[in-house]
Amino acid sequence: MTSPSTSGLSADMPGADTPGADTLSADVPGPSPTRRHYLMCPPTYYAVTYEINPWMHADQATDTAVALAQWERLRDVYLDLGHTVEVIDPLPGLPDMVYAANGAMVVAGTVYSASFLYPQRQPEGPAYERWFTDRGYETFTAQHTNEGEGDMLVAGDLVLAGTGFRTSREAHEELRGLLGVEVLGLELVDPRYYHLDTALTVLAPGEIAYHPPAFSPEARELLAHRFPDAVIVGADDAAVLGLNAVSDGKHVVVAPAATRFADQLRERGYAPIPVPTTELLKGGGGAKCCTLEIRPRLP
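Residues numbered from 1 in each chain as written. Predicted model: local features only at pLDDT ≥ 70, side-chain atom pairs only at ≥ 80, totals over all residues. Heavy atoms only, no water.

Draft legend 1. Main features of the overall build of the chain. A tally of helices and strands in the chain yields seven helices and 15 strands. Within the chain, the proportion of its 299 residues that are buried is 56%. For the chain, contacts bridging at least 24 residues in sequence account for 71% of all contacts bridging at least 6. If you sum the accessible surface of the chain, you get close to 11600 Å²; carbon and sulfur atoms cover 51% of it. (Helix = DSSP H or I, 4+ residues; strand = E, 2+ residues; numbered from the N terminus. Buried < 20%, exposed > 50% of the residue type's maximum accessible area, 1.4 Å probe, protein only. Contact = heavy atoms within 4.5 Å. Areas by Shrake-Rupley, 256 points an atom, 1.4 Å probe, with all protein chains shown as cover.)

Next up, the structure:
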């Protein structure tokens, strides 16, 4: 199957001409943004009814209306920045479907489906795969446990792939064979950072930010070698899921409470955009968890 046209998605996107972003980055020197194509799922059925990560507490009240308002704000920021946002319909009984990044991995027009570890989320994988199949994308049904872009992040000409909690090393090999790209496995060791995208943000093809204590010694060594100039994020900012951020290469949507991380981004020439996702944090996710990028090709 042939993937739908996504021409223009990687074109230069001057911040000065971006609606709603005139005070966000227009005059900040440094990195340049590119237009992105995102898939999101509204939190229509969002609630914390079970516990599968340390952030979730079933006895803590959740407010679906607040979650929806925060989700809409996040979507609107992307639209104001000139990005394309598509929406998948949520399904009853799948409260975590709002975390769209976990639903698949999309590179070079190829969709690698998610195969969730926990039974509560397992129906999400086929739902997301069906959405892509119905729109003509080439899809590949994973044979090994993985949670999509939650654990697999494109960083230039390689994929950074988390393991230790939700995604198996076998899935890394499966992805490598499917895409024919380098996949760098990184072991996570802190249960609070159960997905790679809770402990590491890809800012631009050759630049990342991460929280070293979330990783095994071997993974830290790999990251230090491959990204010697990475932004090192401290415990306070990591603990509010500040690294669950979304970058278009210039603007970085980030949790408002991650104040030091925002300062670090400005120092590197990025433009942080604080967007609250506190209600969705009760389920263990932030901006990145809610955002699945559809990539027509590797950078």
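That covers the picture; the talk isn't over yet.
Draft legend 2. Local environment of the sheet that holds strand S3 (residues 104–107). Strand order in the open sheet made by the three strands is S3-S4-S5, with mixed pairing throughout. The sheet terminates laterally at S3 and strand S5 (138–140), the two strands that pair on one side only. Ignoring strand direction, the axes of neighbouring strands in this sheet form an average angle of 25°. In terms of strand pairing, S3 meets strand S4 (residues 110–113) through four bridges, oriented antiparallel. Within S4, the position partnered with Val107 by the bridge is Thr110. The strands touched by helix H2 (residues 124–134) within the sheet are S3, S4 and S5, with S5 carrying the most contacts at an inclination of about 155°. Relative to S4, helix H3 (residues 169–179) is tilted by about 165°, and along the sheet it contacts S3, S4 and S5. (Pairing = 2+ DSSP bridges. Axes fitted to C-alpha atoms, helices over the stretch in contact; angles between N-to-C directions.)

Draft legend 3. Region of the structure containing the confidence of the model for the chain. In this model, the chain carries a mean pLDDT of 90, and residues with pLDDT of at least 70 account for 89%. Overall, residues 1–28 carries pLDDT values under 50, and its contacts beyond four positions in sequence, including any with other chains, amount to 60 contacts. (pLDDT = per-residue confidence, 0-100.)

Draft legend 4. Structural context of the nonpolar core. Core analysis: the largest hydrophobic core is formed by 25 residues, its most contacted members being Leu160, Leu186, Leu200, Ile208 and Phe215. Counting only elements with at least two residues in this core, the list comes to strand S6 (152–155), strand S7 (158–163), strand S8 (182–187), strand S9 (200–204), strand S10 (207–210) and helix H4 (217–226). Setting aside residues no more than four positions away along its own chain, Ile208 makes contact with Leu160, Leu200, Thr201, Val202, Leu203, Leu223, Phe227, Ala230 and Val231. The next biggest cluster of nonpolar side chains, apart from the first, holds 24 residues, and it includes Tyr99, Val253, Cys289 and Cys290. (Core = buried A, V, L, I, M, F, W, Y, C linked by side-chain atoms within 4.5 Å.)

Draft legend 5. Up close: the packing of aromatic side chains. Within this structure, the stated rule accounts for five aromatic pairs. Relative to Tyr78, the ring of Tyr38 has its centre 4.6 Å away and its plane inclined at 50°; by these criteria the two rings are tilted. With Tyr38 in strand S1 (residues 37–40) and Tyr78 in helix H1 (residues 64–80), this pair connects stretches of sequence that are 40 residues apart. Here Tyr78 falls in the buried class, since its relative accessible area comes to 1%. Taking the centre distance of 6.1 Å and the plane angle of 25° together, the rings of Tyr112 and Phe140 count as stacked. Taken as a pair, Tyr112 in strand S4 and Phe140 in strand S5 lie far apart in primary sequence, 28 residues in all. By relative accessible area, which is 29% here, Phe140 ends up partly exposed. An aromatic cluster of three or more residues is present, and its members are Trp131, Phe132 and Tyr137. (Phe/Tyr/Trp six-rings, centres within 6.5 Å; stacked < 30°, edge-to-face > 60°.)

Draft legend 6. Structural detail: helix H6 (residues 259–267). Looking only at H6, the buried set comprises Phe261, Ala262, Gln264 and Leu265. Down the axis, H6 shows its buried residues gathered within 160° of arc, on one side only. More than 90 degrees from the buried face of H6, the exposed residues found are Thr259 and Glu267. Those residues of H6 that are buried lie in contact with S9, S10, strand S11 (231–232), helix H5 (235–238), strand S13 (251–254) and strand S14 (271–274). Note on H6: the residue one or two positions beyond its end, Gly269, has a positive phi of about 95°. (Arc of directions from axis to C-beta.)

Draft legend 7. Summary view of the sheet that holds S11. Pairing in this open sheet of three strands is mixed, and the strands run S9-S10-S11 from one edge to the other. Each edge of the open sheet carries a strand with a single partner, namely S9 and S11. One ladder, built from two bridges, connects S10 with S11; its direction is parallel. Along S11, the bridge assignment pairs Ala209 with Val231.

Draft legend 8. Up close: unusual backbone geometry. A positive phi is found at Ala108, a non-glycine position, where the angle reads about 55°. By the secondary structure assignment, Ala108 is in the loop between S3 and S4. Even without being a glycine, Leu241 presents a positive backbone phi close to 55°. A relative accessible area of 2% means that Leu241 is categorised as buried.

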